[in-house]
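If you want the building blocks of each chain, they are given just below.
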2 protein chains.
Amino acid sequence: MNILIVHAHPEPQSFCSAMKDLAVTTLEAAGHQVQLSDLYAMNWNPVAADSDFASRSDPDYLVYALEQRHAHNQQSLAADIQAELDKLLWADLLILNFPLYWCSVPAMLKGWIDRVLVSGACYGGLRFYDRGGLAGKRAMLSFTLGAQPHMFADEQAIHGELDLMLRPLQRGTLAYTGCTVLPPFAAYHVPYLDDAARQAILDDYRHHLLQLEQLTPLRFPRLAEFDKRLQPLSGEVSA
Amino acid sequence: MNILIVHAHPEPQSFCSAMKDLAVTTLEAAGHQVQLSDLYAMNWNPVAADSDFASRSDPDYLVYALEQRHAHNQQSLAADIQAELDKLLWADLLILNFPLYWCSVPAMLKGWIDRVLVSGACYGGLRFYDRGGLAGKRAMLSFTLGAQPHMFADEQAIHGELDLMLRPLQRGTLAYTGCTVLPPFAAYHVPYLDDAARQAILDDYRHHLLQLEQLTPLRFPRLAEFDKRLQPLSGEVSA
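Residues numbered from 1 in each chain as written. Chains lettered and ligands numbered in written order. Predicted model: local features only at pLDDT ≥ 70, side-chain atom pairs only at ≥ 80, totals over all residues. Heavy atoms only, no water.

- If you check an unreviewed UniProt entry, chain A appears there as NAD(P)H dehydrogenase (Quinone) from Pseudomonas fluvialis.

Written out as structure tokens, the structure is:
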């Protein structure tokens, strides 16, 4: 497989960065091709702005997604965006590796999502969910957090079910663009763990990475379950 | 009331920006004090980084939340962060106004959350949810999106229930820091609407703003419902 790891952590010595390093070495040793976008190291610009478009379809009024589509068609996307989009289109598997900030990705990584998941290339019109522009690719979240597993165990837990907290990322972003979403790897309670416990998590993560092909993907809506207005065809629960 | 509106849209002429303008004028006319943080106009820096801390508690290894707490105690937060934190602590009501990007806030606004919701001031230790550092304040999301209401109507809808998609923001962020969260205002289908339909949304938004005091807040966990390990005390569903 071709694998793109997009990593965003402000401390290169962090445990999260060690997970990124482990993923690169483990997946390369398993025979995969790996590219890494280390957003802090790259000094990635996370701000979606008019300056992303050298030539605008409407120079007087910015609709970001429409200008993405226009620039993608004209092959005039900003160089930093195009470089990341090329890596993404090359990849069979996308791994987002990050510390959970406010139950989501850090702004640095959100800005990769905002700018690189370009309308026209990754979605657009009725190309979303199983018909999304990235259909055929797989994607996975890999993250560190301070909380313990029981705090995200189910809807009675203090923060509710982990998968519901991850919905905007796993469903609203990765599944929306067509990716098959693999179960996430959550490294719980990291700031409070000793070295032995941290090593145990790295061992678990290595195991997770080596069995990616065997993991059962998460289930998300398929457009065939909805009518032309995107109303559900039946009462069945989709995800 | 003292009201802080944090706005993030890359197009000053956008409908989302018109909502921000309407909120300022409507709330001021109703007798409130309003401050506005227009993040694109301010050229806000959304990247949480070591440069946010002039003097570090640990100069060799960055734990962002720990350095926030240290800098807050030492009153040495970066000037742009301190200025926003001062506005937040002044406010009785926080309104986040934005276009929904990937079922969440744009990176620009995520970076306001990452950097300004400072550990030590807004949360920390067992100060979260109803015991959060911002307890006593109210908060509300106000956003534009392309989708139509039936696409977020309930769990059978193509994107599931709106409140679940907003969980990281409303529960994981606003409620977590102690804010009482008011029902959001969602401006649906905006890119596809004519001027009359847009004006109708602005009229609805004005009505929403003028009845803020009457809105029933959303319900979130209270720490008294959990034991010292943050396990639920009973089987009751909290939110």
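Now that the structure has been shown, we can carry on.
### A closer look at the overall build of chain A
And step 1. Tallying secondary structure elements over chain A gives eight helices and six strands in all.
And step 2. Ordered by position from the N terminus, the helices and strands of chain A form the series β-α-β-α-α-α-β-α-β-α-α-β-β-α.
And step 3. In terms of overall dimensions, chain A is globule-like: its C-alpha atoms have a radius of gyration of 18 Å, near the 18 Å expected for 239 residues.
And step 4. Taken over the C-alpha atoms alone, chain A extends approximately 55 × 45 × 35 Å along its principal axes. (Helix = DSSP H or I, 4+ residues; strand = E, 2+ residues; numbered from the N terminus. Rg over C-alpha atoms; globule rule 2.2 N^0.38 Å.)

### Some thoughts on the environment of L210 of chain A
Residues and elements named next belong to chain A.
And step 1. Along the polypeptide, L210 turns up in helix 8 (residues 195-210).
And step 2. Spatially, the C-alpha atoms of L210 and K228 are 40 Å apart, while their sequence positions differ by 18 residues.
And step 3. Apart from residues no more than four positions distant in its own chain, L210 is found in contact with T26 and A30. (Contact = heavy atoms within 4.5 Å.)

### Thoughts on empty space enclosed by the protein
Which parts of space are left empty comes out when a probe the size of a water molecule is rolled across the atoms.
And step 1. Scanning all chains against the criterion turns up one cavity of 30 Å³ or more.
And step 2. Along its surface, the largest cavity is lined by 17 residues, and S104 and P168 of chain A together with C103, S104 and P168 of chain B are the ones closest to its centre.
And step 3. Secondary-structure elements contributing two or more residues to the lining of the largest cavity are helix 7 (167-175) of chain A together with helix 7 (167-175) of chain B.
And step 4. Residue composition of the lining of the largest cavity, grouped by class: 11 nonpolar, four polar and two charged. (1 Å grid on protein atoms, 1.4 Å probe; cavity = no way out; pocket = protein on both sides within 12 Å on 5 of 7 lines; lining within 4 Å. Points joined across faces, edges and corners; volume = space filled by probe spheres on them. Nonpolar A, V, L, I, M, F, W, Y, C, P; charged D, E, K, R; others polar.)

### Some words on helix 4 (residues 79-90) of chain A
All names here are of chain A.
And step 1. With 12 residues, helix 4 extends 16 Å from end C-alpha to end C-alpha; this agrees with the ideal 16 Å at 1.5 Å per step.
And step 2. Here helix 4 has its buried residues at I81, E84, L85, K87 and L88. Buried residues of helix 4, seen end-on, are gathered within an arc of 160 degrees and therefore sit on one face of the element. (Expected span 1.5 Å × (residues − 1). Buried < 20%, exposed > 50% of the residue type's maximum accessible area, 1.4 Å probe, protein only. Arc of directions from axis to C-beta.)

### Some remarks on the packing of helix 1 (residues 15-29) of chain B against helix 8 (residues 195-210) of chain B
Two packed helices can be described by the angle between their axes and the distance between those axes.
Residues and elements named next belong to chain B.
And step 1. Across the interface, helix 1 lies against helix 8 with an axial gap of 10 Å and an inter-helix angle of 35 degrees. Where helix 1 crosses over helix 8, the two elements pack in a sense that is right-handed. Taking contact as the criterion, the partners of F15, A18, M19, L22, A23, T26 and L27 in helix 1 are, on helix 8, R198, I201, L202, Y205, R206, L209 and L210.
And step 2. Class assignment of the residues belonging to the contact of helix 1 with helix 8 gives a composition of 11 nonpolar, one polar and two charged. (Axes fitted to C-alpha atoms, helices over the stretch in contact; angles between N-to-C directions. Left-handed = near helix turned anticlockwise from the far one by under 90°.)

### Quick look at the relation of the copies chain A and chain B
And step 1. Expressed as a screw transformation, the operator carrying chain A onto chain B has a rotation angle of 180 degrees and an axial translation of 0.0 Å, and the superposed copies differ by an RMSD of 0.0 Å. Overall, the copies show the geometry of a two-fold rotation axis. Closest to the rotation axis within chain A is the C-alpha of A107 of chain A, separated from it by 2.4 Å.
And step 2. Comparing contact sets, 100% of the residues at the interface of chain A also lie at the interface in chain B, consistent with an isologous, same-surface contact. (Least-squares fit on C-alpha atoms with pLDDT ≥ 70 in both.)

### A word on unusual backbone geometry
All names here are of chain A.
And step 1. Phi is positive for Q75, close to 50 degrees, though the residue is something other than glycine.
And step 2. Along the polypeptide, Q75 turns up in the loop between helix 3 (64-74) and helix 4.
And step 3. With relative accessibility at 71%, the residue Q75 sits in the exposed group.
And step 4. Phi is positive for C103, close to 60 degrees, though the residue is something other than glycine.
And step 5. Mapped onto the elements, C103 comes out in the loop between strand 3 (93-99) and helix 5 (107-116).

### Examining the interface of chain A and chain B
And step 1. Each partner contributes to the interface: chain A provides 61 residues, whereas chain B provides 61 residues.
And step 2. Both sides of the chain A and chain B interface together cover about 5,000 Å² of buried area, and 60% of this is carbon and sulfur.
And step 3. Ranking the residues of chain A by area buried against chain B places W102, Q156 and I158 of chain A at the top, with a combined share of 18%.
And step 4. Where chain A meets chain B, there are two salt bridges.
And step 5. The residue R167 of chain B makes a salt bridge to E155 of chain A at a minimum N-O spacing of 2.9 Å.
And step 6. On inspection of chain A and its partner chain B, the count reaches 24 residue pairs in polar contact (both at pLDDT 80 or more).
And step 7. Contributing elements (two or more residues each) for the side of chain A that touches chain B: helix 5, helix 6 (162-165) and helix 7 of chain A.
And step 8. A class-by-class count of the residues in the side of chain A that touches chain B yields 36 nonpolar, 14 polar and 11 charged. (Buried area = accessible area lost by both parts, 1.4 Å probe. Salt bridge = Lys/Arg side-chain N within 4 Å of Asp/Glu carboxyl O. Polar contact = N/O pair within 3.5 Å; in protein donor to acceptor, adjacent residues only side chain to side chain.)

### Focus: the side chain of D114 of chain B
And step 1. Considering the arrangement of structural elements, one finds D114 of chain B in helix 5 (residues 107-116).
And step 2. A residue is classified by how much of its surface remains accessible, and D114 of chain B, at 3% relative accessible area, is buried.
And step 3. A polar side-chain atom of D114 of chain B sits 2.8 Å from the main-chain amide nitrogen of A107 of chain A.
And step 4. Setting aside anything within four residues of it in sequence, one finds D114 of chain B in contact with Y101, W102, P106 and A107 of chain A together with Y64 and Q68 of chain B.

### Points about the UniProt feature "domain: Flavodoxin-like fold" (unreviewed entry) in chain A
And step 1. Using the residue numbers shown here, the UniProt feature "domain: Flavodoxin-like fold" (unreviewed entry) corresponds to residues 1-209 of chain A.
And step 2. A helix fraction of 38% and a strand fraction of 15% characterise residues 1-209 of chain A, whose end C-alpha atoms lie 12 Å from each other. (UniProt positions renumbered as here; feature names shortened; annotations may be inferred.)

### So, the packing of aromatic side chains
All names here are of chain B.
And step 1. Scanning the model with the defined rule gives 20 aromatic pairs over all chains in all.
And step 2. Here F98 and F143 contribute two aromatic rings whose centre-to-centre distance is 5.6 Å and whose plane-to-plane angle is 20 degrees, an arrangement assigned as stacked. Remark: F143 occurs in strand 4 (residues 138-144) and F98 occurs in strand 3 (residues 93-99); sequence separation between them is 45 residues. In this pair, the class of F98 matches that of F143, namely buried.
And step 3. Judged by centre distance (5.0 Å) and plane angle (25 degrees), the rings of F128 and Y176 are stacked. You can see F128 sitting in the loop between helix 5 and strand 4 and its partner Y176 sitting in the loop between helix 7 and strand 5 (180-181), a full 48 residues away along the chain. (Phe/Tyr/Trp six-rings, centres within 6.5 Å; stacked < 30°, edge-to-face > 60°.)

### Regarding the packing of helix 5 of chain A against helix 5 of chain B
And step 1. Interhelical geometry of helix 5 of chain A versus helix 5 of chain B gives an angle of 170 degrees and a closest axis separation of 8 Å. Judged by the angle between their axes, helix 5 of chain A and helix 5 of chain B are roughly antiparallel. Contact residues: helix 5 of chain A offers A107, K110, G111 and D114 of chain A, while helix 5 of chain B offers A107, K110, G111 and D114 of chain B.
And step 2. Within the contact of helix 5 of chain A with helix 5 of chain B, the residues separate by chemical class into two nonpolar, two polar and four charged. (Parallel < 35°, antiparallel > 145°, perpendicular 65-115°, else oblique.)

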